[in-house]
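Notes for the structure review
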Amino acid sequence: YGNWNIVWSDEFNRNSINHKIWTYDTGAGGWGNAELEDYTSRTNNAYVADGLLHIVARQESYGGQDYTSARMKSEGLFSYQYGRLEWRAKLPNGVGFWPALWLLGTNITSVNWPDCGEIDVMENNGGKLGTVQGSLHSGSDETAIYNFLAGDSVTNFHTYTLDWTTNAILFYVDGHLYESQTSWWSPIGDYPTPFNQPFFIIMNVAVGGNYLNNPSVSAINANSVF
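Rules used throughout
Residues numbered from 1 in each chain as written. Predicted model: local features only at pLDDT ≥ 70, side-chain atom pairs only at ≥ 80, totals over all residues. Heavy atoms only, no water. Helix = DSSP H or I, 4+ residues; strand = E, 2+ residues; numbered from the N terminus. Rg over C-alpha atoms; globule rule 2.2 N^0.38 Å. Buried < 20%, exposed > 50% of the residue type's maximum accessible area, 1.4 Å probe, protein only. Contact = heavy atoms within 4.5 Å. Areas by Shrake-Rupley, 256 points an atom, 1.4 Å probe, with all protein chains shown as cover. Lys, Arg positive; Asp, Glu negative; His and termini not counted. Charge placed at Lys NZ, Arg CZ, Asp CG, Glu CD. Pairing = 2+ DSSP bridges. Axes fitted to C-alpha atoms, helices over the stretch in contact; angles between N-to-C directions. Core = buried A, V, L, I, M, F, W, Y, C linked by side-chain atoms within 4.5 Å. Salt bridge = Lys/Arg side-chain N within 4 Å of Asp/Glu carboxyl O.

1. Remarks on the overall build of the protein chain
Of the regular secondary structure elements, the protein chain holds two helices and 16 strands. In summary, the protein chain has a C-alpha radius of gyration of 17 Å against a globular reference of 17 Å for 226 residues, a match within 12%. C-alpha atoms of the protein chain, sized along the principal axes, occupy 45 × 40 × 35 Å. When burial is assessed residue by residue, the protein chain has 48% of its 226 residues classed as buried. The contacts in the protein chain between residues at least 6 apart in sequence include a share of 66% that link residues at least 24 apart. Carbon and sulfur atoms provide 47% of the accessible area of the protein chain, an area that totals close to 10800 Å². Where the 10 positive side-chain charges of the protein chain centre and where its 22 negative ones centre are 9 Å apart.

In structure tokens, the structure reads:
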């Protein structure tokens, strides 16, 4: 990318997850979205193998929930302000799955959500394998949906890219620009607040929840490939 420099990366080519740059959110309680999983830091739910990170949702009784999964984050270990973020991933198939790569402002512990700002680089409803969505949340909500070509889906590897500058946030799939946001609103400051501060990275696979229109446990079990 011309004169751009790589300032951080993880190719997941070690023997295990690098805990110098990744930590975990753990527990249940719905996470504000009526999710049904219990997030753990176990290698059952997140591990590195064959040069890939695997985040695995499992159908199992754990912590009073019917499912487990992992929610990895760089909070307290890495954050950045402006630049390009690229993420190459393939996603699971099932009406119960809600995988996402997203960013939160590092000030979330002092101003709460959505005042801290949220950038959803990519999220997917596992019952709609032909689309992904990119969004901003800050007090206002901006979003767009990318539709894959016929015969393609999120279950194949794709590269999801975010370009973040002082006055524009751009979303791409495999180099195709599908969303450009240049205007948003925040109750805690003037534009471009809150997208003018460092953010940290989150990767997770939720099970169930509002984004999926809250499928029942029976519907998830019958229509999701765990």
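2. Description of the sheet that holds strand β5 (residues 58-62)
Sheet strands pair via backbone hydrogen bonds, and the direction of the pair is either parallel or antiparallel. Strand order across the open sheet formed by three strands is β2-β6-β5, with mixed pairing between neighbours. Each of the sheet's edge strands pairs with one partner strand only, and the pair in question is β2 (37-39) and β5. Direction aside, the axes of adjacent strands within the sheet are offset by 50° on average. Sheet analysis places β5 next to strand β6 (residues 65-69), joined by three bridges and oriented antiparallel. By the bridge assignment, Q59 is partnered in β6 with Y67.

3. Some thoughts on the nonpolar core
Formed by 38 residues in total, the largest nonpolar core has its most connected members in L103, I119, Y160, L162 and I169. For L103, the contacting residues outside a window of four places in its chain are Y80, L85, G117, E118, I119, V121, L162, F199, F200 and I201.

4. A few points about the pattern of salt bridges
A complete count under the given rule lists five salt bridges for this structure. For R42, the salt bridge identified is with E60, shortest N-O distance 2.5 Å. Of this pair, R42 sits in the loop between β2 and β3 (46-49) while E60 sits in strand β5; the two residues are 18 residues apart in sequence, bridging distant segments of the chain. Two residues, R84 and D163, come together in a salt bridge whose shortest N-O distance is 2.6 Å. With R84 in strand β8 (residues 83-89) and D163 in strand β13 (residues 158-164), this pair connects stretches of sequence that are 79 residues apart. Within this structure, D25, R71, K73 and E75 form a network of salt bridges that share partners.

5. Some remarks on the pairing of strand β4 (residues 52-55)
As judged from the four bridges shared by β3 and β4, these two strands associate in the antiparallel manner. When the sheet's bridge partners are listed, A49 is paired in β4 with L52.

All we've got here are geometric facts, nothing functional implied.
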